[in-house]
Amino acid sequence: MPTYSYDFLVIGSGIAGLTFALKAAKHGRVAVVTKKESMEANTAYAQGGIAGVLEPENDSFEKHIEDTLDAGAGLCNREAVELVVREGPRLIQELIDLGVEFTRKNGKLDLGREGGHSENRIVHAKDATGREVQQALVNTVKSHPNVKVFEYHFAVDLLTEHHLDQEVCQGDDIHCFGAYVLDQKNNTVKRMLAKVTVLASGGAGEVYQHSTNPSIATGDGVAMGYRAKAHIANMEFIQFHPTSLNIYEADSFLISEALRGYGAILRNKDGEAFMAEYDDRKELAPRDIVARAIDDQLKQRGEESVYLDVTHLDAEQTKREFPNIYETCLRFGLDITQKQIPVVPAAHYVCGGISTDLDGQTSIQQLFACGETACTGIHGANRLASNSLLESLVFADQSAQKAIAMIDELGFEERIPEWDESGMVNTEEWVLISHNREELRKIMWNYVGIVRSNLRLERALRRINLLYEEVESFYDRTKLSVPLCELRNLISVAYLIVQSALKRKESRGLHYTTDYPNLEDTKNTIIRR
Ligand code: FAD
Ligand code: SIN
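Not measured: the values here are computed from a predicted model.

Caption draft 1: Up close: the site of ligand 2. Around ligand 2, the surrounding shell consists of Q47, G48, E114, H241, L254, S256, E257, R287, H348, R383, A385 and S386. Within the backbone of E257, one N or O atom sits 2.6 Å away from an oxygen atom of ligand 2. R383 places a polar side-chain atom, nitrogen or oxygen, 2.8 Å from an oxygen atom of ligand 2. When isolated, ligand 2 has an accessible area of 260 Å², and the protein chains bury 93% of it. Residue composition of the shell around ligand 2, grouped by class: two nonpolar, six polar and four charged.

This is the structure:
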């Protein structure tokens, strides 16, 4: 069996993983493992853009910092916010240098506006920013001599002292030596050793029945980190995007907030523009407020959708500026320049994750986390629009700088055994996996959504515990497969969300519970196995 040893092992090929890989590749050999083709990542679906102070004559770092802190509802780490806001423009410029073509007007970057931003500061490539960024990163990484990309390779578990049969201590003296990775084409598990491992495996929208995320977003990084005893923070803060397309076949396609920045109005079925009842900023209030307002309208009126209206705006301009949204809706028989768009909230982004310091280091040594899988402190209780790609860039950069500085002092842990498959069989019960996945997603949608209560959370927890027992016993006797690993990870993530929500005895930002409707406690929620 060949040995796979790299200076840096990166799990995930989104903006965070690829940015880290490109920087680290200047100083050592990098492996990027990714569970599908390299382009498949939440990053590629991003629409609105990347927030950054790029016109200091009209905007300032202070304003972007204040907007971020305001959205975060008292729980952001100010140092992390300042770091991201100040370093952001340099890293956006690096993307432009790589060949990313952001939309320009009269030669200048065209800066858009989204909810919670006091200025126009979103760089974007029309309404398909992520595709443009992801393509440029994938092209550059694939042609780099120091980076080897392993597509269709699924990271199963992190390698730590646990795999040496050593008693893992209760303190923070755990080390990461790489990962076991399932090669999906050959159906074998590779032991991939690394001096530094980076979890850049993205979000977990798939844990909810309705989500704007692609189905790869199964929270694998958070689940692996949790199993390895990393500190997991603030998982109760799940962001529901207010406006996903509510046409059955459209599978929660996102209708970008940039459309509201452009002048779209939210209306109920009677045509009433309702946002002024909820917030002075109306359609441009932060996302938690808009999502709760929509939820309230739907419940009060017993209706299935609210409507986003751009019919009063210039049709040609709408088509020019939002070609992705225009054409996608048209495929479903809806011309958005003529008719209002039926929308509902859908799970969109996990603000919590593996807790890191300002260098992207987790509580496990030689393990970094960046991007959506990490909780760096910048988002607090609610993420400001278009701050996620920005955070991913900055924390991938911070992590790379720190990892490069330590790499010469580190070695490989050769004593880690190869994967042992003895005692594992193929079974006929695969249908259990898809049924359990659907059941879990429904439980989370029905009981752990925008408005929560102890009763609903406890009901969810009882059901998740049952699924956990069933799936763990199946996992112990069954040959590895991606659907089984993903299900196991989704169950862990669901458990972490519910446990974190039960621990927070207040309502703040994205966590709203009818049992504790007020603000009480400004602490982070930390869970460790
Ligand atoms: P991702 O881009 O999701 O990449 C994760 C990678 O890890 C993927 O390649 C995946 O295949 C891989 N992976 C996962 N698990 C494993 C495993 N076990 N083994 C191997 N590989 C694995 N944010 C903004 O700032 N602005 C926007 O305009 C914006 N729009 C959005 C629109 C949509 C529809 C969505 C879904 C999100 C949007 N976001 C936006 C959020 C933002 O896109 C994500 O938070 C960000 O792209 C996360 O980047 P990442 O590198 O952390 O993860
Ligand atoms: C959007 O375009 O509305 C998504 C922006 C984001 O998630 O930051």
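There's plenty left to go through after this.
Caption draft 2: Structural context of the nonpolar core. Counting 77 residues, the largest nonpolar core has I11, M192, Y208, M444, V448, I497 and V498 as the members making the most contacts within it. Examining the composition of this core, we find that 13 residues originate from one element, helix 13 (residues 482-503), more than from any other. Beyond its immediate chain neighbours, meaning those up to four positions away, I11 contacts V33, A155, L158, A179, T197, V198, L199, A200, S201 and M224. A25, V85, V394 and F395 belong to the second-largest nonpolar core, a separate cluster that totals 55 residues.

Caption draft 3: Inspection of the pairing of strand 10 (residues 188-199) at higher detail. Counting buried positions along strand 10 yields eleven of twelve residues, so the element is predominantly enclosed. Sheet topology note: the strand 1 (residues 4-11)/strand 10 ladder contains seven bridges and is parallel. Across the sheet, residue Y6 finds its bridge partner in strand 10, namely A194. Strand direction decides the pairing type here: strand 9 (residues 178-183) and strand 10, joined by six bridges, are antiparallel. Residue pairing for strand 10: Y180 is matched across the bridge by R191.

Calculation rules
- Each chain carries its own residue numbering, running from 1 in the direction its sequence is written.
- Chain letters start at A and ligand numbers start at 1, both assigned in the order the entries are written.
- Local features in this predicted model are restricted to residues of pLDDT 70 or higher, and side-chain atom pairs are both shown and tallied only at a pLDDT of 80 or more, whereas totals for entire chains, interfaces and linings draw on every residue.
- Excluded from the side-chain calculations are hydrogens and water; all other atoms, namely the structure's heavy atoms, are used.
- The criterion for a residue being near a molecule or strand is simple. One of its heavy atoms has to lie within 4 Å of it.
- For this analysis, a polar contact is any N or O atom pair within 3.5 Å, provided that within protein one partner can donate a hydrogen and the other can accept it, and provided that sequence-adjacent residues contribute only side-chain to side-chain pairs.
- For every accessible area listed, the method is Shrake-Rupley and the probe measures 1.4 Å; residues are considered covered only by the protein chains on display.
- Three categories are distinguished: nonpolar for Ala, Val, Leu, Ile, Met, Phe, Trp, Tyr, Cys and Pro, charged for Asp, Glu, Lys and Arg, and polar for the others, with Gly belonging to the last.
- For this analysis, a nonpolar core means a set of buried residues of the types Ala, Val, Leu, Ile, Met, Phe, Trp, Tyr and Cys, connected via side-chain atoms within 4.5 Å.
- Exposure categories follow from relative accessible area, calculated using a 1.4 Å probe and restricted to protein chains: below 20% of the type maximum is buried, above 50% is exposed, and the middle band is partly exposed.
- Strands are runs of DSSP state E lasting at least 2 residues, helices are runs of H or I lasting at least 4, and numbering of each runs from the N terminus.
- Whether two residues touch is decided by their heavy atoms; if any such pair falls within 4.5 Å, the residues are in contact.
- A strand pair is defined by DSSP finding two or more bridges across the two strands.

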